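Residue-level structure breakdown
Listed below are the residues making up each chain.
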Amino acid sequence: MDNEMTLSFIAISENEGLARMVMTSFIASLDPTIDELAEFKTIVSEAVTNAIIHGYEEDAQGIVTIRAKRDGRKITMTISDEGRGISDLEQAMEPLFTTKPERERSGMGFTIMESFSDHLSVWSEPQKGTAITFSKDFSPIHSKITMGER
Ligand SMILES: Nc1ncnc2c1ncn2[C@@H]1O[C@H](COP(=O)(O)OP(=O)(O)O)[C@@H](O)[C@H]1O
Ligand SMILES: [Mg+2]
């Protein structure tokens, strides 16, 4: 059965874990492989962290919204904020480019999100916000279990 959901929360780091947990439940019925699950969680985590720390600079007045859809074995998700936005998107998406070099794994967020998704699109406008949409196709279930004989 297909499904749709929306989740909104304030821009504090604590909510990155919440978003990951909710989105993991949302895809659980697809029975993802360990790799697919790890990749999916990483995309969610990178996009939500960007909205919280770059979009709003951890200002709890800011609201991050996730919209997600499941069509068959395809998940499409948009993570959006109404924060500061990005003036030079091409530069922001370059590997290793960051405006916060003091952080761990600096500048690799967009590169990681791109490599773990099947499609990624980014909208951003200075002072209006940012929206990242990605889709990911999950592989068919190959059960290794069959009915046994005595
Ligand atoms: N939601 C966002 N709002 C504003 N700026 C953003 C947002 N997401 C990303 N950016 C900008 O793009 C840059 C690159 O992002 P990313 O590849 O995730 O690296 P990092 O988060 O380590 O800086 C960030 O340093 C920031 O300047
Ligand atoms: Mg990042």
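Residues numbered from 1 in each chain as written. Chains lettered and ligands numbered in written order. Predicted model: local features only at pLDDT ≥ 70, side-chain atom pairs only at ≥ 80, totals over all residues. Heavy atoms only, no water.

A word on the sheet that holds strand E2 (residues 63-71)
Sheet strands line up and pair through hydrogen bonds in the backbone, either parallel or antiparallel. The sheet built from five strands is open, its strands ordered E1-E2-E3-E5-E4 with antiparallel pairing. The strands lining the two open edges of the sheet, one partner per strand, are strand E1 (3-10) and strand E4 (119-125). The sheet shows a mean angle of 10° between the axes of neighbouring strands, direction not considered. Together, E1, E2 and strand E3 (74-81) form the strand contacts of helix H1 (residues 14-27), whose direction differs from that of E1 by roughly 175°. Sheet contacts for helix H4 (residues 109-116): E4 and strand E5 (129-137); angle to E4, the most-contacted strand, approximately 145°. (Pairing = 2+ DSSP bridges. Helix = DSSP H or I, 4+ residues; strand = E, 2+ residues; numbered from the N terminus. Axes fitted to C-alpha atoms, helices over the stretch in contact; angles between N-to-C directions. Contact = heavy atoms within 4.5 Å.)

As for the site of ligand 1
Taken together, the neighbourhood of ligand 1 is formed by 18 residues, with Asn50, His54, Thr98, Thr99 and Gly107 sitting nearest. One of the side-chain nitrogen or oxygen atoms of Asn50 is found 2.9 Å away from an oxygen atom of ligand 1. When ligand 1 sits alone it has 530 Å² of accessible area, and the protein chains cover 93% of it. For the shell around ligand 1, the elements supplying multiple residues, two or more each, are helix H2 (34-55) and H4. For the shell around ligand 1, the element with the most residues is H2, which contributes four residues. A breakdown of the residues in the shell around ligand 1 according to their chemical character gives six nonpolar, 10 polar and two charged. (Near = heavy atom within 4 Å. Polar contact = N/O pair within 3.5 Å; in protein donor to acceptor, adjacent residues only side chain to side chain. Areas by Shrake-Rupley, 256 points an atom, 1.4 Å probe, with all protein chains shown as cover. Nonpolar A, V, L, I, M, F, W, Y, C, P; charged D, E, K, R; others polar.)

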